[in-house]
Amino acid sequence: MKRNRKERREYMVNGKNLTFKERVVRDFHRNWMLYLMMLPIIVYYLIFKFGPMFGLSIAFMDYKPAKGFTGSSWAGLKHFKNFFTNYYFGRLLKNTVRISVFSLLTFPAPLILALLINELKGKMFAKWVQTITYIPHFISTVVICGIIVKLTSSTGGITMILHSLFGIPQETLLNHKEYFIPIYILSDLWQTVGWNSIIYLAAISGIDQELYDAARVDGAGRLAQVIYITIPCLLPTIIIQLILKMGKIFDVGYEKIMLLYNPGIYDTADVINTYVYRKGLIDAQYSYSAAVGLFNSLVCFILVTVTNKLTKKISGTGLW
């Protein structure tokens, strides 16, 4: 109540309500240093985030670099229709959804790792585990893919182990389309699980310790404390992470795929993002690749919006 009264006084002068413009001017004079600190961030987003969005207009043009944006003729939805009727559309959509769904199944892994690290009694050992699991995140994707290619070659360590244990032929695994998705998912999990667990560890450290003390007094063991205290307290963080994950479900890491796949396994490995790269930069079909990329972004936006509404309706937690 006191806060509402104070806010009303801020928006009044001599008993008269200030207009929106007058409020902005008054607030700017009072907090001009804060606005000045925000200026570099605003300029960054305007130049590098919102500025390039103007280039999406070429998805509706027959864009020619020599003619530019103003000289190129408008094509309407021609490139979208060409993509939807393309022979490869079904394959690209199927592969993208398949890899994305398998990636989504690994979503609980960082949470499980964070819970396990939190349960370690030795603090020094826990720090060592965190460090070891974080390290792969800082290795370049090119280096990671080079390691994977070496380990899965005909004489690689992984191939030799699988050959000894399961009798798999001693051949390069990445030349077989049925092995690509397991290799991609497991290597991605190894590379990201430690880093993605940081946010859960931070959230766990913010849980009120008195809740655990009360649970121990009532006779709750470690597992019961995790189920009835830790996980419910982490639920808002889990939901937000899930929404962000859904926003990237169609944005499969094309850099890693391009470094691992080959024409022989396109049936399984080729996704929308790699198709955009080939058509845009290799075949120089700028308008067509822009249309395909825009379609991919729109699908991601719809997934984020729908997931946010569902989670907000079910649990009351959302991004907006």
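See the structure above.
Note that the structure is a prediction, hence the values are computed from the model and not measured. (Residues numbered from 1 in each chain as written. Predicted model: local features only at pLDDT ≥ 70, side-chain atom pairs only at ≥ 80, totals over all residues. Heavy atoms only, no water.)

(A) Structural view of unusual backbone geometry. Look at A284: it is not a glycine, yet its phi comes out positive at around 60°. The residue A284 is located in the loop between α17 (272–282) and α18 (286–315) in this model. (Helix = DSSP H or I, 4+ residues; strand = E, 2+ residues; numbered from the N terminus.)

(B) Spatial organisation of the side chain of Q191. On the secondary structure map, Q191 appears in helix α11 (residues 177–196). Take Q191: its relative accessible area is 9%, and that puts it in the buried class. Q191 has contacts with P136, H137, I139, T141, I144 and K256, leaving out every residue within four places of it along the chain. (Buried < 20%, exposed > 50% of the residue type's maximum accessible area, 1.4 Å probe, protein only. Contact = heavy atoms within 4.5 Å.)

(C) Examining the environment of I161 more closely. Within the secondary structure layout, I161 lies in helix α10 (residues 157–166). Separated by 143 residues in sequence, I161 and V304 have C-alpha atoms that sit 41 Å apart.

(D) The packing of helix α6 (residues 89–105) against α11, seen in detail. Running from N to C, α6 and α11 point in directions that differ by 40°, and their axes come no closer than 10 Å. In terms of axis orientation, α6 runs oblique to α11. With respect to the hand of their crossing, α6 and α11 are arranged in right-handed fashion. Of α11, the residues touching α6 (which contributes R98, I99, F102 and S103) are F180, I181, Y184 and I185. Of the residues that constitute the contact of α6 with α11, the class distribution is 6 nonpolar, 1 polar and 1 charged. (Axes fitted to C-alpha atoms, helices over the stretch in contact; angles between N-to-C directions. Parallel < 35°, antiparallel > 145°, perpendicular 65-115°, else oblique. Left-handed = near helix turned anticlockwise from the far one by under 90°. Nonpolar A, V, L, I, M, F, W, Y, C, P; charged D, E, K, R; others polar.)

(E) The arrangement of the pattern of salt bridges in detail. Using the criterion set out here, one finds 7 salt bridges in the structure. Between D270 and R91 there is a salt bridge, and its shortest N-O distance comes to 3.0 Å. Of this pair, D270 sits in the loop between α16 (266–269) and α17 while R91 is found in helix α6, placing the two residues 179 residues apart along the sequence. Residue D270 is classed as buried on the basis of its relative accessible area of 0%. Residue classification places R91 among the buried positions, given a relative accessible area of 16%. When the shortest N-O distance is used, the salt bridge between R278 and D270 registers 2.8 Å. D270 carries the same exposure label as R278, and that label is buried. (Salt bridge = Lys/Arg side-chain N within 4 Å of Asp/Glu carboxyl O.)

(F) Spatial organisation of the packing of aromatic side chains. Inspection of the entire model under this criterion finds 18 aromatic pairs. A ring pair is formed by F28 and Y35, whose centres lie 5.5 Å apart and whose planes are at 45°; its orientation type is tilted. Overall, F28 belongs to the partly exposed group, its relative accessible area being 40%. With 5.2 Å between their ring centres and 80° between their planes, Y87 and Y88 make a pair best called edge-to-face. What makes Y87 exposed here is its relative accessible area of 72%. Taking the relative accessible area as the measure of exposure, Y88 reaches 35% and is therefore partly exposed. Cluster of aromatic residues (ring-pair linked, three or more members): F83, F84, F89, Y275, Y288 and F295. Here K256 stacks its cationic end above the ring of Y184, 5.3 Å away from the centre of that ring. (Phe/Tyr/Trp six-rings, centres within 6.5 Å; stacked < 30°, edge-to-face > 60°. Lys NZ or Arg CZ within 6 Å of the ring centre and 35° of its normal.)

Any functional reading would require information that these geometric values do not contain.
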